[in-house]
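# A closer look at the structure
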Amino acid sequence: FSALVVAWMAALVANRLYLARCVERVGEELRRILTAGAATMATYLVACYLIGAEPGGRSWVIGVFGSVSFGLVAERSIARSVFQRLRSRGRSVRRVAIVGSDAHAASLHRSMIDDTDAYDVVGFIGDEGDAGDGVDVLGGYEQAVDTLREHGASGALVSIASLSRDQVNSVVRALTDAKMHVALSTNVRDIDVQRLRAQEMDGEVLMYVEPTVRTGWRMYAKRAFDIALSSIALLLCLPVLAVVAVLIKLDSPGPVLFRQQRVGRNGSPFNMIKLRTMCVDAEERLDELSELNEVNGPMFKIKADPRVTRMGRTLRRLSIDEIPQFWNVLRGEMSLVGPRPALEHEVAEWDPELRKRLEVPPGLSGLWQVSGRSDTTFEQYRRLDLYYVDNWSLAHDLKVIAKTVWVVLAGKGAS
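Given the structure is predicted, the values throughout are model-derived calculations rather than measurements.

Spatial ordering of the open sheet is given by 3-2-1-4-5, a layout of five strands whose pairing is parallel. Looking at which strands have only one partner, the edges of the open sheet turn out to be strand 3 (137-139) and strand 5 (181-185). Strand after strand, the sheet turns through a mean of 35 degrees between neighbouring axes, direction not considered. Sitting on the sheet, helix 6 (residues 165-177) is in contact with strand 1 (94-99), strand 4 (155-159) and strand 5, with an inclination near 155 degrees to strand 5.

Pasting the structure below:
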């Protein structure tokens, strides 16, 4: 047993599970844990065969592999949550500097502020002057190592779009020789890291981008998944819908269901169904409330919308109003996951790039809904939807569904 524990520890080390940068993505962490477990158990069985020892039954081997792997996943999930909470409070963060001092470097800094709390940016390394965002340049490229040490930084993010090739090579070489952590910002945005593969050509570093595939078996698998899950959801929710229908009728005059024409895949219109959460004249009152719109771009959203009924506020907070959209999914007009189904007048204001979101069916949930829901700006809404279209995969859909469940259980429904 002791040898098995040692072998498992060695396999975990061999799979670099002690390095945070190697397990930043949960899927990659899970893959490495399972690989380490499989290698350990295979080594154990081979060793038992060579020395003539009894390895135990098949159920014992499978049980040990499953229980230890599950325990590691659970323990590391708890640890990940603890570290995230500490970092949100400004603790256990890595002090770094951004190498570069132009608009690209400033944009990188803004992205770090918006997307992660794992880093504490102490300043910029580059030419004299202010790089923006209220962070001054700390020193020149030649003094990068000394400057980072002076400010207690253990690494740097290099904005390669801000430097010449010779400067990038010189700074990276100096920092890595000084045993500092270095990450390169490629200026490539909104391409999932799983689609990138580093290649080398005569000393040049190339980044191959895997093409997005939305046809073939993946399309049929997505449709089968939509039908199966939507059918189950509708059956389970029928009692809830019956009770809610009565409450809606008692709360305010008007129909139980609300139908609105939306734009589907390839621009095809369809009638989206929801439980009615507003007064019956909500559409007619839209113009008088236009000045209160809290979202920029061709969208309309008010947190305290006076058209929402008392019952409607509860339905929206719990996302119960969206249950009838499972019928739209069954009809093939929507998918469980996809971009938000847009109104015709919104689509009319889209630029050609944003129209790419019509290449996939709209979704009952999506990246926009689970990444801030109604609190995101139109630019974020645009980026998240295009990111989904460009990087679609079944794995992404499963992640969005898991996040959707958490958002609903946490009571963070759209307002």
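Following the structure, the description resumes.
What follows deals with the side chain of threonine 277. Here threonine 277 is to be found in the loop between strand 9 (269-275) and helix 8 (310-317). In contact with threonine 277, other than residues within four places in its own chain, are Arg307, Val308, Thr309, Gly312, Leu315, Arg316 and Asp321.

Another aspect to go through is the confidence of the model for the chain. Chain-level pLDDT for the chain is 84 on average; 92% of the residues reach the 70-or-more range. The least confident element of the chain is helix 4 (residues 103-115), whose mean pLDDT is 79; the most confident is helix 9 (residues 325-330), at 96.

Another aspect to go through is the packing of helix 2 (residues 26-51) against helix 3 (residues 58-88). In contact at an axis separation of 10 Å, helix 2 and helix 3 are set at 150 degrees when each is read in the N-to-C sense. What the angle tells us is that helix 2 and helix 3 run roughly antiparallel. Crossing of helix 2 over helix 3 shows right-handed handedness. Contacts between helix 2 and helix 3 involve Val26, Glu29, Leu30, Ile33, Leu34, Gly37, Ala38, Met41, Tyr44 and Leu45 on the former and, on the latter, Trp60, Val61, Val64, Phe65, Ser69, Leu72, Val73, Arg76 and Arg80. The residue makeup of the contact of helix 2 with helix 3, split by class, is 14 nonpolar, two polar and three charged.

So, on to the pattern of salt bridges. All chains considered together, the criterion is met by 17 salt bridges. Of the charged contacts in the structure, one is a salt bridge between aspartate 351 and arginine 382, with a shortest N-O distance of 2.7 Å. Residue aspartate 351 is found in the loop between helix 10 (344-347) and strand 11 (363-365), and its partner arginine 382 is found in helix 12 (residues 378-390); the two are separated by 31 residues along the sequence. Residue classification places aspartate 351 among the partly exposed residues on the basis of a relative accessible area of 29%. What emerges from the salt-bridge pattern is a single network uniting Arg214, Lys356, Glu359 and Asp390.

Time to look at helix 13 (residues 394-409). In a regular helix each residue adds 1.5 Å, so 16 residues correspond to 22 Å; helix 13 covers 23 Å between its end C-alpha atoms and thus fits that length. Within helix 13 the residues assigned to the buried category are His396, Asp397, Val400, Ile401, Thr404 and Val407. Down the axis of helix 13, the buried side of the element spans an arc of 135 degrees, and every buried residue falls inside it. Projecting away from the buried face of helix 13 at angles above 90 degrees are the exposed residues Trp406 and Leu409. For helix 13, the secondary structure elements touched by its buried residues are helix 7 (217-251), strand 10 (335-337), strand 11, helix 11 (367-370) and helix 12.

As paired strands, strand 1 and strand 2 (residues 119-125) are joined by six bridges and run parallel to one another. Among the inter-strand pairings, isoleucine 98 is bridged to a residue of strand 2, identified as phenylalanine 124. Bridge analysis of strand 1 against strand 4 gives four bridges, and the strand direction is parallel. Opposite valine 99, over in strand 4, you have valine 158 as the bridge partner.

Over its 31 residues, helix 3 extends 45 Å from the first C-alpha to the last, a length consistent with the 45 Å expected when each residue adds 1.5 Å. Where helix 3 is concerned, the buried positions are Val61, Val64, Ser69, Leu72 and Leu86. Buried-residue contacts for helix 3 involve helix 1 (2-14) and helix 2.

Looking now at the pairing of strand 4. Working note: regular strand, side chains alternate between the two faces of the sheet. Counting buried positions along strand 4 gives five out of five residues, so the element sits mostly inside the fold. Residues of strand 4 alternate between two faces, with Gly155, Leu157 and Ser159 on one and Ala156 and Val158 on the opposite face, all of them buried. Examined bridge by bridge, strand 4 and strand 5 share five bridges and lie parallel to one another. Paired with leucine 157 across the bridge in strand 5 is alanine 183. On the question of chirality, the crossover connecting strand 4 to the parallel strand 5 by way of helix 6 is right-handed.

Moving on, we get to the packing of helix 7 against helix 13. The N-to-C vectors of helix 7 and helix 13 enclose an angle of 25 degrees; their axes lie 11 Å apart at closest approach. Compared by their axis directions, helix 7 and helix 13 come out roughly parallel. Contacts from Trp217, Arg218, Ala221, Lys222, Phe225 and Leu229 in helix 7 reach Leu394, Asp397, Leu398 and Ile401 in helix 13.

About the cut-offs
Residues numbered from 1 in each chain as written. Predicted model: local features only at pLDDT ≥ 70, side-chain atom pairs only at ≥ 80, totals over all residues. Heavy atoms only, no water. Pairing = 2+ DSSP bridges. Helix = DSSP H or I, 4+ residues; strand = E, 2+ residues; numbered from the N terminus. Axes fitted to C-alpha atoms, helices over the stretch in contact; angles between N-to-C directions. Contact = heavy atoms within 4.5 Å. pLDDT = per-residue confidence, 0-100. Parallel < 35°, antiparallel > 145°, perpendicular 65-115°, else oblique. Left-handed = near helix turned anticlockwise from the far one by under 90°. Nonpolar A, V, L, I, M, F, W, Y, C, P; charged D, E, K, R; others polar. Salt bridge = Lys/Arg side-chain N within 4 Å of Asp/Glu carboxyl O. Buried < 20%, exposed > 50% of the residue type's maximum accessible area, 1.4 Å probe, protein only. Expected span 1.5 Å × (residues − 1). Arc of directions from axis to C-beta. Right-handed = clockwise from strand over helix to strand, strands pointing away.

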